[in-house]
Amino acid sequence: MKLKLPNPGLEDRILSHDELEHLEVEEAGDRPKWDNKAQYMLTCVGFCVGLGNVWRFPYLCQSHGGGAFMIPFLILLVFEGIPLLHLEFAIGQRLRKGSIGVWRTINPYMLGVGIASLCVSFLVSLYYNTIIAWVMWYFFNSFQEPLPWSQCPINANRTGLVSECERSSPVDYFWYRETLNTSAAIEETGGLQWWMILCLISAWGVLYVCCIRGIETTGKAVYVTSTLPYVVLTIFLIRGLTLKGSVDGIKFLFTPDLNELANPTTWLDAGAQVFYSFSLAFGGLISFSSYNSVHNNCEQDAVIISIINAFTSIYAATVIYSIIGFRATERFDDCLSGNILTLLNTFDLPEGSITQSNYQEALHSLNTTNPDIISSLALKTCDLNSFLSEGVEGTGLAFIVFTEAITKMPLSPLWSVLFLIMLFCLGLSSMFGNIEGVLVPLQDLKVFPKSWPKELISGVTCLVCCLVGLIFVQGSGNYWLALFDSFAGSIPLLIIAFSEMIGVVYVYGIDRFNEDLLFMIGHKPNIFWQATWRVISPIIMLAIFIFYFSTIVTKEIFYIAWDPESENFPTLEKKPYPSWIYVIIFLLAGIPSLSVPGTAVFRAIREYCCKKHPSAPVQEINSGSYKVHIQDEELKSQKSQKSDQKFYT
Amino acid sequence: MLAGVLLLIFLPPLVAKDLCKDSQDGFKVRLSIKTALGDDAYEWNESEMFLFRSTLAYAMRKQTKQDTYNITNILVCNDTQRVSFVFVVTSPDDPDQLIPKEQIEQAVRQNKHRINNAFLLSDMTLEFVGIPPTLAAPIIYDTEPWLIVFGVVIGAVAVGIVALLMSTVSKKRRAKEKAAGLSEEDEGIVKENGTALSGLGGKEGVYNQTFSNDNRFTEL
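- Chain B goes by Collectrin-like in an unreviewed UniProt entry, where it is assigned to Sinocyclocheilus anshuiensis.
- Quoted verbatim from the Subcellular location (unreviewed entry) field of the UniProt record, the comment on chain B reads "Cell membrane".

- The name an unreviewed UniProt entry gives chain A is Transporter, with Sinocyclocheilus anshuiensis as the organism.
- Its UniProt record, at the heading Sequence similarities (unreviewed entry), says of chain A: "Belongs to the sodium:neurotransmitter symporter (SNF) (TC 2.A.22) family."
- The UniProt entry for chain A carries the following text under Subcellular location (unreviewed entry): "Membrane".

## A word on the overall build of chain B
Item 1. Looking only at helices and strands, one finds five helices and four strands in chain B.
Item 2. Starting at the N terminus and walking to the C terminus, you meet the elements of chain B as α-β-α-α-β-β-α-β-α.
Item 3. A total of 220 residues make up chain B; the buried ones form 30% of that total.
Item 4. Across chain B, the fraction of contacts at a sequence separation of at least 24, relative to all contacts at a separation of at least 6, is 56%.
Item 5. Looking at chain B as shown, the accessible area adds up to about 15100 Å², and 58% of this sits on carbon and sulfur atoms.

## Here we look at the side chain of A:Asn345
Item 1. Inspection of the secondary structure assignment puts A:Asn345 in helix 17 (residues 298-347).
Item 2. Engagement of the side chain of A:Asn345 in a polar contact is seen with the side chain of B:Arg82, the distance being 2.8 Å.
Item 3. The residues touching A:Asn345, leaving out its near neighbours within four places in the chain, are B:Arg30, B:Arg82 and B:Glu127.

## Overview of the UniProt feature "binding site: Na(+) 2" (unreviewed entry) in chain A
Residues and elements named next belong to chain A.
Item 1. When the UniProt feature table is mapped onto this chain, "binding site: Na(+) 2" (unreviewed entry) is found at Val 49.
Item 2. Inspection of the secondary structure assignment puts Val 49 in the loop between helix 3 (37-48) and helix 4 (51-55).
Item 3. Sequence-distant contacts of Val 49, that is, excluding residues within four places in its chain, are made with Tyr 230, Asn 309, Thr 312, Leu 426, Ser 429 and Ser 430.

## Some details on a positive patch on the surface
All names here are of chain A.
Item 1. Where like charges cluster on the molecular surface, the positive patch consists of Arg 31, Lys 97, Arg 104, Lys 446 and Lys 450.
Item 2. Mapped onto the fold, Lys 446 is located in the loop between helix 22 (412-444) and helix 23 (454-468).
Item 3. Residue class for Lys 446 comes out exposed when judged on its relative accessible area of 65%.

## Points about the sheet that holds strand 4 (residues 126-129) of chain B
Residues and elements named next belong to chain B.
Item 1. The four strands are arranged 2-3-1-4 in an open sheet whose pairing can be described as antiparallel. Where the open sheet ends on each side, the last strands, each with one partner, are strand 2 (74-77) and strand 4. Between one strand axis and the next, the sheet turns by 30° as a mean value, whatever way the strands run.
Item 2. Here strand 1 (residues 27-31) runs beside strand 3 (residues 84-89); their pairing, made up of four bridges, is antiparallel. Paired with Val 29 across the two strands is Phe 85, which belongs to strand 3.

## Observations concerning a nonpolar patch on the surface
Residue and element names in this part refer to chain A.
Item 1. The grouping of Ile 71, Ile 75, Val 78, Phe 79 and Leu 258 at the surface amounts to a nonpolar patch, some 390 Å² of accessible area in total.
Item 2. In this structure, Leu 258 sits in the loop between helix 14 (246-254) and helix 15 (264-277).
Item 3. On the basis of relative accessible area, Leu 258 is assigned to the exposed category, the value being 57%.

## Some words on the packing of helix 15 of chain A against helix 26 (residues 527-554) of chain A
All names here are of chain A.
Item 1. It is at 10 Å that the axes of helix 15 and helix 26 come closest, and there the two elements cross at 110°. As the angle between them shows, helix 15 and helix 26 are arranged roughly perpendicular. When you trace helix 15 past helix 26, the crossing you get is left-handed. On the side of helix 15, the interface is formed by Leu 268, Gly 271, Ala 272, Phe 275 and Tyr 276, while helix 26 contributes Met 541, Ala 543, Ile 544, Phe 547 and Tyr 548.

## Here we look at the interface of chain A and chain B
By a frequent convention, interface size equals the accessible area lost on bringing the separate parts together.
Item 1. Contacts between chain A and chain B engage 34 residues on the former and 32 residues on the latter.
Item 2. In total, chain A and chain B occlude about 2800 Å² of area from one another, counting both sides; carbon and sulfur atoms represent 68% of this.
Item 3. The largest contributions to the chain A side of the interface with chain B come from A:Phe140, A:Asp348 and A:Glu351, which together make up 25% of the buried area.
Item 4. B:Lys28 is the partner of A:Asp348 in a salt bridge, and the nearest nitrogen-oxygen pair spans 3.6 Å.
Item 5. Seen at the junction of chain A and chain B, the total is 10 residue pairs in polar contact (both at pLDDT 80 or more).
Item 6. Elements supplying a minimum of two residues to the side of chain A that touches chain B: helix 8 (111-140), helix 11 (194-211), helix 12 (215-225) and helix 17 of chain A.

## Remarks on the state of the cysteines
All names here are of chain A.
Item 1. Taken as a whole and judged by the stated rule, the model has two disulfides over all chains.
Item 2. Disulfide pairing places Cys 152 opposite Cys 165 at an S-S distance of 1.8 Å. Residues Cys 152 and Cys 165 are joined by a disulfide whose S-S torsion is about -85°; by sign, that bridge is left-handed. Residue Cys 152 is found in the loop between helix 8 and helix 9 (163-167), and its partner Cys 165 is found in helix 9; the two are separated by 13 residues along the sequence. Cys 165 carries the same exposure label as Cys 152, and that label is buried.
Item 3. Paired through a disulfide, Cys 335 and Cys 382 show a sulfur-sulfur distance of 1.8 Å. Judged by the sign of its S-S torsion, about -80°, the bond between Cys 335 and Cys 382 is left-handed. Linking Cys 335 in helix 17 with Cys 382 in the loop between helix 19 (371-377) and helix 20 (384-388), this pair joins segments that are 47 residues apart in sequence. The exposure classification of Cys 335 matches that of Cys 382, with both residues buried.
Item 4. By sequence-ordered numbering of the bonded cysteines, chain A has its disulfides arranged as 1-2, 3-4.
Item 5. Cys 210 provides the cysteine sulfur closest to Cys 425, a residue in no disulfide bond, and the two sulfurs are 9.6 Å apart.

Calculation notes
- Residues numbered from 1 in each chain as written.
- Chains lettered and ligands numbered in written order.
- Predicted model: local features only at pLDDT ≥ 70, side-chain atom pairs only at ≥ 80, totals over all residues.
- Heavy atoms only, no water.
- UniProt positions renumbered as here; feature names shortened; annotations may be inferred.
- Helix = DSSP H or I, 4+ residues; strand = E, 2+ residues; numbered from the N terminus.
- Buried < 20%, exposed > 50% of the residue type's maximum accessible area, 1.4 Å probe, protein only.
- Contact = heavy atoms within 4.5 Å.
- Areas by Shrake-Rupley, 256 points an atom, 1.4 Å probe, with all protein chains shown as cover.
- Polar contact = N/O pair within 3.5 Å; in protein donor to acceptor, adjacent residues only side chain to side chain.
- Patch = residues over 30% accessible without salt bridge, like charges linked within 9 Å, V, L, I, M, F, W, Y side chains within 5 Å.
- Salt bridge = Lys/Arg side-chain N within 4 Å of Asp/Glu carboxyl O.
- Lys, Arg positive; Asp, Glu negative; His and termini not counted.
- Charge placed at Lys NZ, Arg CZ, Asp CG, Glu CD.
- Pairing = 2+ DSSP bridges.
- Axes fitted to C-alpha atoms, helices over the stretch in contact; angles between N-to-C directions.
- Parallel < 35°, antiparallel > 145°, perpendicular 65-115°, else oblique.
- Left-handed = near helix turned anticlockwise from the far one by under 90°.
- Buried area = accessible area lost by both parts, 1.4 Å probe.
- Disulfide = S-S within 2.5 Å.

Here it is in structure tokens:
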């Protein structure tokens, strides 16, 4: 006895299989189409593979037991990622509409899911493109030798280096001061940074050029943006493996610690990473899939894309950690050389008498003879593992750690340019999906007049997003971005994904869905898909959501700030959010999440009000044609009731 | 007599050593030859020390613009295996008087580049303890390099947008011309036949009922 929620009128809203076949043959309709399968696959791969694969997965992998992290990651990939991906592809291909259209079709009360997708896509687009603007800024600055983040600038009266830079490091200074010009707290806006505005404009400009005509233009752009990252990763792998210490980094990354598997945080982080990595619930994938031909094998596509995504994560982690290993070894060598030099200078020993190999014995013997002098020297402890586990993720990894590693390589401008082009392509291809998730629903909601051409619609959207994105370009912009990232792009997506599964399986009907897949790809989905769609994946989503929600609500939320006046400088300082931020957080996370039930409630109220006061009753014309029209309507409603009853078994 | 003569002979070096050891006007120098040159490192010996003393004398000459400074004016002591030692500079006019620290510092600062090059070392590997190295002047660009790259990228974006918009406009214009062209052809045929339908021409072509899909009159 399968559970199915009542869904009257579904037959009227969707195209029947015959109509779909007819559409396929006739090639009628003004819906855009992919030029070839490769474009579709590259676009989906580009959307799924993003910056998170490069800077979130390696950190999670290393901090949750290295090689052992693969186990929860791969398990959750199979039970959570692939089923959700297949579901979105299939429903998009079947109903041939963007996210708003799909949910409106499945049930008008589920329109909220589409609206939530639109809101989340919009909010994520805003800050994601700012990250691309940052990448472009670094890219623009890479065409000089020496790179500007390799050394501290000299202060105004030429007596020494700038103090903020001297106390921290050149890369930190370049990132926090010369790029972001961060203020010390989120309340201080710090004004708009003109150079960042230029970079933001160029980021939105490039995006506009690629999205100007929808998939007609993005389909061409993805040939470059989706393939170039793999080329660059390979080049970096080859370069990295020839550097000293890279193999240590890779070994450190993959050394398994099976004890981590007992820690529930590991599983939850793995689940969250799989979910966010697939860019599910944005609506973009449904949209892309709706441009396919009806008989496209979406099952195969889902499996292939999932495998590519997982492979890319692991490949990128290897490359990143080979370079991190190199950097850690350099730092370790520098630390040790500094200590050795201090010892040589203090005791006037000949050069070369203390080397890396005999450092420990030499230190020990000197300590026994002159312990007080040794203790006064304040020698640094140099530990390779602590340098390796300086686990950084996110923008810190890309703009601080990796750029520092690049400055230590010969021909640094070349490596810098390559690395930033890779980040740019990764980000841009994900933005294509985000923008698709914004533009198509806006068109479905008929926000723009029909006479407007596609170019104008995408232009207006990009312009609005660029203007709103100026929030992230002010002095406190980095803190706002972290805020948006934590709240707009996390909880609402989980709710949307959960609603999607419930909607398709229980509102649309798993039986009807199975029939559709039989029609589209030629065979019914097997027991694996049935089990995951109906039970396993929703439970996993629910578990992740409950965990996330409880951590956010119970823990006090704070942000980390770059404050030159703090005592622990250069360590970032934890600061609590001001009280008005909670309103913003509620808006960011609340509006998309609440629009799912909210739209249903709103619609229900509207229906109820309409039934009470039938406004402007239809004019009863005493004519034969009108009577026939009424008869037709009655017949139709009877037919739909009958077909609904069929599925009640 | 003999004792007096012996004292006279040995006194200057003893006094010199005392001048060097006890003075406040001396600077400690540290050389890290092996770090700088690796396998090409030279041995530190008396000849190298001779070179050092002569370089310093040269620096003092340049700074004071007096050609009287000589190698005998540079006294060295506290030689260690590290290759570090202390030196003082005596005045050429009076061998017992030392040149003050500030003057020596100035001389070294101005000629550090030449002193470094004489020994194939750098500011890091030839240290004068107490004289921090002068920082290199920052490079001042006429146009910041990043603005140039930004200009290139924005230019490419603008060209791309204009090209794409133009192609859309020209596509639409071609479609319009095609539709207008068809209508002209139709009108020509009608005119040849001279039927009454020519009056229905209008701007967008002739409405040919034979191919009409409109069956609103036949539904019932």
